[in-house]
Amino acid sequence: MKRLVGRWLLLPLSGLYGLLMDIRNWLFNSHLLKTFCPSVYTVSVGNLTVGGTGKTPMIELLIKRSQMQVSGKVGETATLSRGYGRHTTGFRIAMATDTASTIGDEPLQLYRKFAPLVRVCVGERRANAIQSLLALHPETNQILLDDAFQHRAVQPHLSILLMDYSRPFYDDYPFPAGRLRERRKGGRRADAIVVTKCPNDLFATEQERITAKIRPYARPETPVFFAGLRYDQPVSFATRPANSTLHEVVLISGLANANPLEQYVRQTFRLIHHYRFADHHAYGRADLDSILKTLPPGTALLTTEKDWVKLDELLTPDERTSLPLYYLPIAVQFLPGHEQAFNQFLDKSSYKNC
């Protein structure tokens, strides 16, 4: 009840924030604010809400798809994000010496998984960053923009909007009464909408109901796809082999919405405790020591890939080898009938102009 009253009290501020975002979007739509159209094919992945909707797993899916379709030469595909949480500024191309503090946790995750085939870049001024990247590496033929739906200074060739199944934007409000970064009608800029983190057994009738709820905030021709998450076997910090024998685990996560992860871990393992931190939490050695001190004998510490790249930096070589530390890889998994349709949509859109 208190939360509902608080939301109603904040609605006037949400209206003001939404109006400011409307004005900003109108300035871009009217070309009164400059928009840059890259010379190479550029795909934007983003959302309307604050918090995680599965953008990084979607970027990974697009990377893997591009590697299957092209020659796989080094640097033909590049990713570009702001590098949230980093302590550096300006344009930067990830290198082996980079850490989460220099490029951000998600770019570091991408670098560890896909370098050197994929060039991972960060830069808060993305139009300038793209031009710098192409000047340094003209062999680049595709750029994947992570979390760029509201970055109107760049006009991508294709814009993919993600919506968390459990947090639909059509029932939400702009900040501060809700979690929206702009009004719901911003969804009309999307070329495709993917409903993420869906249950694998989501009925077709429920998919139709959700699609009907989305339709007023999307263009008539915009396709809507449905996808869940696939969790793979835990991977050791030390040796990187998959492990299917874990039983009792302590979970540590720094996510915007850790509920789907916790639900999966409870179903798959015996969850002793879940240490929840804020999204993009900058772990310190004190965090790790506190958790390890209370880790029961015979229990493994399980975390996400995004958290792994930060926790791994805190370990000594001996700790990395001896401690029972694992991360849980995840990937986008489309619901039946949607993967082929999504791939066909991407094939058709590869010729689209921005």
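Residues numbered from 1 in each chain as written. Predicted model: local features only at pLDDT ≥ 70, side-chain atom pairs only at ≥ 80, totals over all residues. Heavy atoms only, no water.

As recorded in an unreviewed UniProt entry, the protein chain goes by Tetraacyldisaccharide 4'-kinase and comes from Spirosoma flavum. According to the UniProt record, the Pathway (unreviewed entry) comment for the protein chain is "Glycolipid biosynthesis; lipid IV(A) biosynthesis; lipid IV(A) from (3R)-3-hydroxytetradecanoyl-[acyl-carrier-protein] and UDP-N-acetyl-alpha-D-glucosamine: step 6/6." (UniProt positions renumbered as here; feature names shortened; annotations may be inferred.)

Caption draft 1: Spatial organisation of the overall build of the protein chain. When its secondary structure is counted, the protein chain shows 11 helices and 14 strands. Its C-alpha atoms give the protein chain a radius of gyration of 21 Å, near enough to 20 Å, the size a compact globule of 354 residues would have. Once local pairs closer than 6 in sequence are excluded, the contacts in the protein chain between residues at least 24 apart make up 77%. Working note: accessible area of the protein chain is about 17100 Å², and carbon and sulfur atoms make up 56% of it. (Helix = DSSP H or I, 4+ residues; strand = E, 2+ residues; numbered from the N terminus. Rg over C-alpha atoms; globule rule 2.2 N^0.38 Å. Contact = heavy atoms within 4.5 Å. Areas by Shrake-Rupley, 256 points an atom, 1.4 Å probe, with all protein chains shown as cover.)

Caption draft 2: Looking closely at the side chain of N25. In this structure, N25 sits in helix α1 (residues 2–29). Here R152 takes part through its side chain, which lies 2.8 Å from a polar atom of the side chain of N25. Among all residues touching N25, those that are not within four sequence positions of it are R152, E182 and R189. (Polar contact = N/O pair within 3.5 Å; in protein donor to acceptor, adjacent residues only side chain to side chain.)

Caption draft 3: Up close: the sheet that holds strand β10 (residues 248–254). Sheet architecture is open: five strands sit in the order β9-β13-β12-β10-β11, paired in mixed fashion. Each edge of the open sheet is held by one strand with a lone partner, namely β9 (235–236) and β11 (270–277). Running over the sheet, helix α7 (residues 259–268) touches β10, β11, β12 (300–304) and β13 (325–328) and is turned about 165° from β11. Here helix α8 (residues 285–293) sits on the sheet in contact with β10, β11, β12 and β13, set at roughly 160° to β11. (Pairing = 2+ DSSP bridges. Axes fitted to C-alpha atoms, helices over the stretch in contact; angles between N-to-C directions.)

Caption draft 4: View of the pairing of β11. In this sheet, β11 lies alongside β10 in parallel orientation, the contact comprising seven bridges. Looking at the pairing, V249 lines up with L271 of β11.

Caption draft 5: Seen up close, unusual backbone geometry. Note that the residue after A115, namely P116, is joined by a cis bond; omega there is 5°. Summarising the element assignment, P116 is placed in the loop between α4 (105–114) and β4 (118–122). In this model, F175 is joined to P176 through a cis peptide bond whose omega is 10°. With respect to the helices and strands, the residue P176 is situated in the loop between β6 (158–164) and β7 (192–196). In this model, H31 sits at a positive phi of 65°, which is unusual for a non-glycine residue. Inspection of the secondary structure puts H31 in the loop between α1 and β1 (41–47).

Caption draft 6: Representation of the nonpolar core. Core analysis: the largest hydrophobic core is formed by 47 residues, its most contacted members being M58, L62, I160, V194, F334 and F342. Ranked by residues supplied to this core, first place goes to helix α2 (residues 55–69) with five residues. Sequence-distant contacts of I160, that is, excluding residues within four places in its chain, are made with V43, S44, V45, G46, L62, A192, V194, F342 and L346. Counting 18 residues, the second-largest nonpolar core is a separate cluster that includes L161, F169, V195 and I214. (Core = buried A, V, L, I, M, F, W, Y, C linked by side-chain atoms within 4.5 Å. Buried < 20%, exposed > 50% of the residue type's maximum accessible area, 1.4 Å probe, protein only.)

Caption draft 7: Representation of the UniProt feature "binding site: ATP" (unreviewed entry) in the protein chain within the structure. Taken from the UniProt record, the annotation "binding site: ATP" (unreviewed entry) applies to T49, V50, G51, G52, T53, G54, K55 and T56. Here T49 is to be found in the loop between β1 and α2. With a relative accessible area of 8%, T49 lands in the buried category. In contact with T49, not counting residues within four places along its chain, are F169, D172, R179, L180 and R181. Looking at where G54 falls in the secondary structure, it is placed in the loop between β1 and α2. Contact partners of G54, with chain neighbours within four places excluded, come to L162 and K197.

Caption draft 8: Region of the structure containing α7. Within the span of α7, buried status applies to L261, E262 and V265. One side of α7 carries all its buried residues, which in axial view fall inside an arc of 95°. What points out from α7, more than 90 degrees from its buried face, is the exposed set R266 and Q267. Looking at the buried residues of α7, the elements they touch are β8 (224–231), β10, β11, β12 and β13. (Arc of directions from axis to C-beta.)

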